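# Fold and contact review
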Amino acid sequence: MLQYLVKRAILAVPTMLAVSGLVFLVLYLVPGDPAAIFIGDRPATPERLAQIRHVMGLDRPLLSQYADYLRKLGRGDLGRSIHTNASVHSELLSRVGSSAELAAAAFAVATALGLGLGLVSALRRGTWVDAGAMLVALGGVSMPIFWLASMLIFVFSLKLGWFPATGFGGWNRLVLPSLALGFISSATLARLVRSSVLDILGQPYVTTARSKGLREPAVIRRHVMRNALVSIITVMGLQFGTLLSGAVITETVFARPGVGKLLVDAILNKDIPLVQGAVLFVAVVYIVVNLLVDISYAYLDPRIRYQ
Amino acid sequence: MHTLIPASATSDPRARLRPSSLRSPWGDVLVQLARSRGAVTGGIILAVLLVAAVGAPLLTPYDSLSMRPEERLQPPNRAHLFGTDVFGRDLWTRVLYGSRISLRTGVISITLAVALGVPLGLTSGYYGGSVDRLLMRLVDLMLTFPGILLALVIIAILGPNLLNAMLAVGISASPTYARVVRASVLGAREQVYVDAARAIGCRDGRIMVRHILPNTVAPIIVLGTLGVAGAIISAAALSYLGLGAQPPTPEWGALLSEGRNYLRVAWWMTAFPGLAIMIAVLAINLLGDGLRDALDPRLRP
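Residues numbered from 1 in each chain as written. Chains lettered and ligands numbered in written order. Predicted model: local features only at pLDDT ≥ 70, side-chain atom pairs only at ≥ 80, totals over all residues. Heavy atoms only, no water.

Cut-off, in case you're wondering: UniProt positions are given in the numbering used here, feature names are shortened, and annotations may be inferred rather than shown by experiment.
In the nomenclature of an unreviewed UniProt entry, chain B is known as ABC transporter permease of Candidatus Segetimicrobium genomatis. The Sequence similarities (unreviewed entry) comment attached to chain B in UniProt states, word for word, "Belongs to the binding-protein-dependent transport system permease family."

The name recorded for chain A in an unreviewed UniProt entry is ABC transporter permease, from Candidatus Segetimicrobium genomatis. Under the UniProt heading Sequence similarities (unreviewed entry), the note attached to chain A is "Belongs to the binding-protein-dependent transport system permease family."

The structure is reproduced here in structure tokens:
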């Protein structure tokens, strides 16, 4: 098991390097002189630009600049925001808490809804319960999250006044965003849980378990759900990506000070170092989550461990 | 499953041939689609939307851009079915004209994704070896950026406008097509008819296009249809964030973005454009689900 863990972790290193390379290149792909981008809209003399170019190392070969970039990354130095002049590192740190809170709550909502809807519709296959649950799931796939979020704000904050519409801090500011994000993310999961549970219900070992007199709840828990879990966790890992990009939009709608809103604002402000830092951060989180998903397979399914 | 041949018709040999000529692969798909309630519903809704988009000028007396300040922020009423926005523009007209933009954005983005992804997957799968490894590395790298993050990176580079949003959505959707095409190519490459084509002296390009590409058509149609639905949402999301279509373009996401600050006083500015997105996306998803069942049941989730 430990050997498998180490192997998987090592495999993630080249991916991270490639991602960092791509993020590094963003600055050079933006049309215009990187030095001019760095000083923003302020006017500058050619001498001043040349000086900035030299200080930033922009006059050196690209590869040596990349090596420099990696060295700084290793120290946690992501550069400075053009807009606020604060270090990108501290900007990100101040926003991580809010995003993590939202991601965790939304993930919980998505899992509960997705498992619930999928399981119920599989066990009541062909009935109106099944049709209703799948219609809800299809609605979740088709509904734009920014619309659902706005409608939730309209009904529950502006009309009923139950929850505050914006901001961060306290559970009552978390309810609406996590419901919106969780519901959208649950739809794909519900559809997959349904099909994989249906698939497993037809397996001979389920018939065996039933014929030896095991009660239905125990059959579902021990034989059906346990076997469905591997494919469910795969999709939950993939859905985490949807959740991350959904979080970018959710944070903007609810004006939550998270990494996603930071990224969108940075793009609008043409704050390239901040864009680079936020993109790198989200990509690395995604890679790490996928790594954890892979590891959890090995835990759940011994066949994978010994391959 | 298949058409029953009336006993009286079997005596005529030509009549006996007819049902089998109906049973061409595409005929079969159409029959199956027509049997799926979801696909038929989706297809009808989509047809209505397309007719409305094309015939927009006939369905409204207003212009989508002209402002009438004296009629600003009117709730839905007989003169303004969906109400009016903060500049007194008729929202029904804006949503109607927006369907032209949003539907076209979805189709163009996915056309781009197919145009990029298919040659990539075809080359990768056909040549294999180091070409395959290099191209698939690239595809994997693109896939490490979840959801719309890659699109956001592309917008950060190119700058926010509708054309760039289409490019961004198209490029970030392309790896999926490359992957799926490559998988189909790997299976088709080993077939005897490919060896036969090579034996009679066909060049690689011709083999790829004439003999291997047709194998990948079914999954591309299914993914492409579902992809248009996703692309409409992604492009609308970018516009909503201010990174896609800019005002006063009545793209659906941009309409929602305009309504954002007036949610308290004008819920209709948010509600109707969102419903339009949902109905269009739902219709395309229903049609896509039906196509998948008819064309390629293996793609079922």
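Moving on from the coordinates now.
## Structural notes on the UniProt feature "domain: ABC transmembrane type-1" (unreviewed entry) in chain B
The line we're drawing: The secondary structure listing takes helices from DSSP runs of H or I that are at least 4 residues long and strands from runs of E that are at least 2 residues long, numbered from the N terminus.
The feature "domain: ABC transmembrane type-1" (unreviewed entry), as annotated in UniProt, sits at residues 99-288 of chain B in this numbering. Annotated as residues 99-288 of chain B, this span is 80% helix and 0% strand, and its ends, taken at the C-alpha atoms, are 19 Å apart.

## Let's talk about unusual backbone geometry
The condition is simple: Think of it in three bands: with a 1.4 Å probe and only protein chains considered, a residue is buried below 20% of the maximum accessible area for its type, exposed above 50%, and partly exposed in between.
Cis rather than trans, the peptide bond between proline 247 of chain B and proline 248 of chain B has omega equal to 5 degrees. Secondary-structure assignment places proline 248 of chain B in the loop between helix 11 (217-240) and helix 12 (252-259). A positive phi is found at alanine 255 of chain A, a non-glycine position, where the angle reads about 45 degrees. Take alanine 255 of chain A: it is sitting in the loop between helix 10 (216-253) and helix 11 (259-268). For lysine 270 of chain A, which is not glycine, the phi dihedral falls at a positive 55 degrees. The residue lysine 270 of chain A is located in the loop between helix 11 and helix 12 (272-300) in this model. Residue class for lysine 270 of chain A comes out exposed when judged on its relative accessible area of 62%.

## Examining the side chain of threonine 250 of chain A
Let me state the cut-off plainly: When checking whether two residues touch, look at their non-hydrogen atoms; a contact exists if any pair is within 4.5 Å.
Note on placement: threonine 250 of chain A falls in helix 10. When residues no more than four places from it in sequence are discounted, the contact partners of threonine 250 of chain A are Leu102, Ile145, Pro177 and Leu181 of chain A.

## Digging into the interface of chain B and chain A
The accessible area lost on association of the parts is a frequent measure of interface size. As a reminder, the rule being used: A quick way to say it: buried area is the sum, across both parts, of accessible area lost when two parts are put together, with a 1.4 Å probe. Salt bridges are defined as contacts in which a side-chain nitrogen from Lys or Arg sits within 4 Å of a carboxyl oxygen from Asp or Glu. Contacts described as polar in this section are N or O atom pairs within 3.5 Å, which, within protein, must combine one atom able to donate a hydrogen with one able to accept it, while residues neighboring in sequence count only if both atoms come from side chains.
If you look at the interface, chain B gives 37 residues, while chain A gives 42 residues. Here chain B and chain A share an interface that buries about 3,500 Å² over both sides, 81% of which is from carbon and sulfur atoms. On the surface where chain B and chain A come into contact, there are one salt bridge. A salt bridge links aspartate 289 of chain B to arginine 191 of chain A; its shortest N-O distance comes to 3.2 Å. Where chain B touches chain A, the interface holds five residue pairs in polar contact (both at pLDDT 80 or more). Those elements that place two or more of their residues in the side of chain B that touches chain A are helix 6 (129-143), helix 7 (149-158), helix 11 and helix 13 (268-295) of chain B.

## Considering the packing of aromatic side chains
Going by this rule: Pairing of aromatic side chains here covers Phe, Tyr and the six-membered ring of Trp, requires ring centres within 6.5 Å, and sorts the geometry by plane angle: under 30 degrees stacked, over 60 edge-to-face, intermediate tilted.
Enumeration according to the criterion identifies twelve aromatic pairs over all chains in this entry. An angle of 20 degrees between the planes, with centres 4.9 Å apart, marks the rings of phenylalanine 146 of chain A and tyrosine 240 of chain B as stacked. Note that phenylalanine 146 of chain A is positioned in helix 7 (residues 145-159) and tyrosine 240 of chain B in helix 11, a pairing that runs across two chains. Across the pair, exposure class does not vary: phenylalanine 146 of chain A and tyrosine 240 of chain B are buried alike. Summarising the aromatic geometry, the rings of tyrosine 126 of chain B and tyrosine 127 of chain B are spaced 5.2 Å apart at their centres and angled 85 degrees between planes, so their arrangement reads as edge-to-face. Tyrosine 126 of chain B sits in the buried class, given a relative accessible area of 8%. Three or more aromatic residues joined by ring pairs form one cluster here, namely Phe82, Trp92, Trp267, Trp268 and Phe272 of chain B.

## Re the packing of helix 6 of chain B against helix 8 (residues 162-189) of chain B
A pair of packed helices is characterised by two quantities: the angle between their axes and the separation of those axes. Residues and elements named next belong to chain B. We count it as follows: Axis definition: a line fit to C-alpha positions, over the contact stretch in the case of helices; interaxial angles, taken between N-to-C directions, run 0 to 180 degrees. Oblique is the label for every angle not falling under 35 degrees (roughly parallel), over 145 degrees (roughly antiparallel), or within 65 to 115 degrees (roughly perpendicular). If you view the pair so one helix is near and one far, a crossing is left-handed when the near helix is turned anticlockwise from the far one by less than a right angle, and right-handed when it is turned clockwise. Gly is put with the polar residues, along with every residue not named as nonpolar or charged; the nonpolar set is Ala, Val, Leu, Ile, Met, Phe, Trp, Tyr, Cys and Pro, and the charged set is Asp, Glu, Lys and Arg.
Taken N-terminus to C-terminus, the directions of helix 6 and helix 8 make an angle of 135 degrees; their axes are 9 Å apart at the nearest point. Here helix 8 runs oblique to helix 6, going by the angle between their axes. The hand of the helix 6/helix 8 crossing is left-handed. In this structure, helix 6 contributes Asp132, Met136, Val139, Asp140, Met142 and Leu143 to the contact, and helix 8 contributes Ile171, Ser174, Pro175, Ala178, Arg179 and Arg182. Of the residues contributing to the contact of helix 6 with helix 8, the split by class is seven nonpolar, one polar and four charged.

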